[in-house]
Each structure stands twice: as C-alpha cells, then as structure tokens.
Amino acid sequence: MASTALVTGAGSGIGRGLALALARRGYHILAVGRDLARLQAVAHEIEQISSAAVFSADLAEAQPRARFIEEVLERFGPPDLLVNNAALRPAGDFLTQSIEEIDRAFTLNLVVPALLARQLCPLPGGAAPLSGVTVPLPRGILFVISTAARFPQPYTSLYSASKSGLRMLGECLQVELAGRTRVCLVYPPLTATPMTEQARMGGRILRIANAATVAERIITRYEAGQDEITWRDWEVIPSLLYRLAPAFMRWLLKKRRAQLKNLLIPPGAQPE
Ligand SMILES: NC(=O)c1ccc[n+]([C@@H]2O[C@H](COP(=O)([O-])OP(=O)(O)OC[C@H]3O[C@@H](n4cnc5c(N)ncnc54)[C@H](OP(=O)(O)O)[C@@H]3O)[C@@H](O)[C@H]2O)c1
C-alpha cells in the first residue's frame, strides 16, 4: 500500500507544491484546507500521477478540526508523513488587530500543528486512546516555519510570534521523538503565493521564489536526510545579526520603524 502524506493548506502556494512533489514520489495525498474547489483542482492534478483524498475543514475551529482528525484516522489511519503547512500572516499594527484575528493566527500557526502532531502520535510504548483507534507513529513530521521565527518582524507580529513558537515546538520534538519520528523544520525563502500577493502588488519586492520550485527542493532535501532546510537569501543577514547582537537589532528595527511599516503593511491597509 502507498505511503500517505497529510498536507495542510494543500490548495495553494507551497502546500500545493508539496502535495504535488510528494505525489510524484508515489505518496497518497490527504489534502486539507477550507477552499474545496481549490483542493479538488489540486487533487485532479495529483490523480494524473498518484492518488488523493480531499478534506474541506477550517482547522482553526475546534469542531471541524476534530471531525477531520477522526475521519482521517477512521478512513486511512495516521499518515506516514504529516506536513504542517497551513498558516495565516495577518499584517498590521498590533493594536488594530481584532481579538478574533489574534486568536485565529495563533491557533492555526501554532496550536493546530501541535494538536495534529500529538493526535497522530501515540503515547510512549503503545497505542494512543483516540476514538478507540490504535495509532502507530508517523514516520515523519514536516513543520513549515519561516525566517519570521529567526528575528522579530514588527507589523507582522502575530506571524513572527506564532512561527517562533512553532520553531521551538519543532526543535523540542526533534529531541523528544528522536529515533521514532523524524521531525524536519523548513524555512522557505520569500515565495510568490497568495500569502505574499498583497506585498507583491505594491511592487516593493525585488526577488521572489517560485512555489513549485521551493516545494520540490524541500522534498528533495527531506529525502536526502536534512532535518533543517534553509535558503541562502537576504534574510540570512538579519537572522545572523539578531543571533549575534539582539540588542543592536532591536535598536535598528526601532530606528527603521516607519520604513518597516511601509514595507510590511499593504498600501491602503494602514489606518491613519
Ligand atoms: N510565501 C512565502 O514567502 C513564505 C515564506 C516562508 C514561509 N512560508 C510558509 O509557507 C506555508 C504556506 O504558505 P504559502 O505562502 O504557500 O501561502 P498560501 O498559499 O496562502 O497557503 C496557506 C494555506 O493555508 C490554508 N489555510 C488558511 N487558513 C486555514 C484554515 N483556517 N484551515 C485550513 N487551512 C487554512 C489555505 O487554504 P484555504 O484558504 O483553502 O483554507 C492555504 O492553502 C505557511 O506556513 C507560510 O507561513 C511562506
């Protein structure tokens, strides 16, 4: 039987690319997101090369998420590979963001990957009591993080903070699950996807990667045994600076606050 890969946010961008790259390697893809039409379009592409099942679920909401997990376990059992990819990147002044926006960003970007990893992993030494289903360990978990976890990114603070939490979760699990489940952390470069569309429309970004190329490279490197997948791009500089001199980096960010705000908040979205 083919290995299964569960990909969250498989209907667009990097998630779509990852689903297709895994399908090319023979995985049966379990694709989840909210937009059923987009997921079905991806499933149609996948079915030219492998097989797929689609699940329309808002993972940030407890009930649809619980129903989705139960259905996956009942129909397919735990996936061999869990790809935690779905995320939101709300941009804006922290004080203008709604309570709901804050809640959804942390839930989707941080809580959901933790819940999926936990609910698809058994207790040490045996089965997990999940709906009476005996759950073997997934062979791998891929966390799609971001360089926003490597240095503070004001005006996308919810994204930066939730991705930093995800990074720590992944690094802890790399230790806790060592020898049982492979945990791979991915830091994609700036990539052309719906998530970055608004910023690109402002024409302020010069260099941007292609989602299919990024996804193919992630899976190639995962297959080659890499458990931390990074890119050598401009974001290496602020990441390194923050690691070596965090106080200086914070000073610099404050000094450049106005430019930063202009760059990160889409035109027209800035309250006066
Ligand atoms: N693009 C970049 O430059 C970049 C750089 C570094 C890291 N990343 C990371 O790469 C990953 C993919 O992002 P992307 O750039 O490919 O953006 P994207 O195309 O907007 O992908 C986000 C996916 O998340 C899904 N999603 C959003 N809310 C959801 C919810 N409540 N429940 C279920 N699914 C939900 C969306 O599908 P539906 O709308 O159908 O729900 C969508 O397919 C993210 O983790 C992002 O942080 C991106």
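Just so you know, these numbers come straight off a predicted model, no measurement behind them.

Q: Explanation requested: the sheet that holds strand β9 (residues 228-229) in the structure shown.
A: Within a sheet, each strand pairs with its neighbour through backbone hydrogen bonds, oriented either parallel or antiparallel. Judged by pairing direction, the sheet is parallel, and its 7 strands sit side by side in the order β3-β2-β1-β4-β5-β6-β9 without closing on themselves. In this open sheet, the two strands that pair with only one neighbour each are β3 (51-56) and β9. Across 5 bridges, strand β1 (residues 4-8) lies against strand β2 (residues 28-33) in parallel orientation. By the bridge assignment for β2, Ala 5 is matched with Ile 29. Along the sheet face, helix α3 (residues 62-75) touches β1, β2 and β3 and points at about 155° away from the line of β3. Here helix α7 (residues 211-223) sits on the sheet in contact with β4 (81-84), β5 (140-144), β6 (182-186) and β9, set at roughly 140° to β5.

Q: Before we go on, may I ask you to explain the packing of α3 against helix α4 (residues 99-119) in this structure?
A: Each pair of packed helices gets described by two things: the angle between the helix axes and the distance between those axes. Remark: α3 packs on α4, axes separated minimally by 12 Å, with the N-to-C direction vectors making an angle of 30°. α3 and α4 meet at a crossing whose hand is right-handed. From α3, Arg 65, Phe 68, Ile 69 and Leu 73 reach across to α4, where they touch Thr 107, Val 112, Leu 115, Leu 116 and Gln 119. Looking at the contact of α3 with α4 residue by residue, the classes come out as 6 nonpolar, 2 polar and 1 charged.

Q: Any chance you could explain the site of the ligand here in plain terms?
A: Taken together, 30 residues sit near the ligand, with Arg 34, Asn 85, Tyr 159, Thr 191 and Thr 193 positioned nearest. In this structure, Leu 59 approaches the ligand through a main-chain N or O atom, which is 2.9 Å from a nitrogen atom. Note that an oxygen atom of the ligand is positioned 2.7 Å from one of the backbone N or O atoms of Thr 191. Against a free-state accessible area of 870 Å², the protein chains account for coverage of 95% of the ligand. Looking at the shell around the ligand, the elements that each hand over two or more residues are α1 (13-24), α4 and α5 (157-176). Split by residue class, the shell around the ligand holds 15 nonpolar, 9 polar and 6 charged.

Q: Would you mind going over the pattern of salt bridges with me for this structure?
A: As a working rule, side chains carrying opposite charge can pair if their charged atoms are close by. This model, assessed by the stated rule, comprises 13 salt bridges. Salt-bridge contacts for Glu 216 lead to Arg 24; the nearest nitrogen and oxygen are separated by 2.9 Å. Here Glu 216 is found in helix α7, whereas its partner Arg 24 is found in helix α1, with 192 residues between them in sequence. On the basis of relative accessibility, which here comes to 25%, the residue Glu 216 falls in the partly exposed class. A salt bridge links Lys 261 to Asp 93, with the shortest nitrogen-to-oxygen separation between them at 3.1 Å. Of the two residues, Lys 261 is situated in helix α10 (residues 257-264) and Asp 93 in the loop between β4 and α4; the sequence distance between them amounts to 168 residues. What emerges from the salt-bridge pattern is a single network uniting Arg 24, Arg 25, Glu 216 and Glu 223.

Conventions used here
Per chain, the residues get numbers from 1 upward, laid out in the order the sequence is written. Where local features are concerned, this predicted model is filtered to residues with pLDDT of at least 70; where side-chain atom pairs are given and counted, the filter is 80 or more; whole-chain, interface and lining totals use all residues. Calculated side-chain values reflect all of the structure's heavy atoms, with hydrogen atoms and water omitted. Strand pairing follows a simple DSSP-based rule, namely that at least 2 bridges must link the two strands. We count a stretch as a helix when DSSP gives it H or I for four or more residues in a row; a strand needs E for two or more, and each element gets its number in order from the N terminus. Any two residues whose heavy atoms approach within 4.5 Å are treated as being in contact. Lines fitted to C-alpha atoms define the axes here, with helix axes fitted over just the stretch in contact, and angles between the N-to-C directions of these axes take values from 0 to 180 degrees. By convention, the crossing between two helices is left-handed when the near helix turns anticlockwise from the far helix through less than a right angle, and right-handed when the turn is clockwise. The nonpolar class holds Ala, Val, Leu, Ile, Met, Phe, Trp, Tyr, Cys and Pro. Asp, Glu, Lys and Arg form the charged class, and all remaining residues, Gly among them, are polar. By convention in this text, a residue qualifies as near a molecule or strand provided that one of its non-hydrogen atoms is within 4 Å of it. As used in this structure description, the phrase polar contact means that two N or O atoms lie within 3.5 Å; if the pair is within protein, one of them must be able to donate a hydrogen and the other to accept it, and residues adjacent in sequence are counted only when both atoms belong to side chains. Method for areas: the Shrake-Rupley scheme with a 1.4 Å probe, in which residue coverage is limited to the protein chains shown. By definition, a salt bridge exists where a carboxyl oxygen of Asp or Glu is found within 4 Å of a side-chain nitrogen of Lys or Arg. Remark: exposure states derive from per-residue accessible area (1.4 Å probe, protein chains only) relative to the maximum for the residue type, with buried under 20%, exposed over 50%, and partly exposed in between.

None of the figures reported here should be taken as evidence of function without further support.
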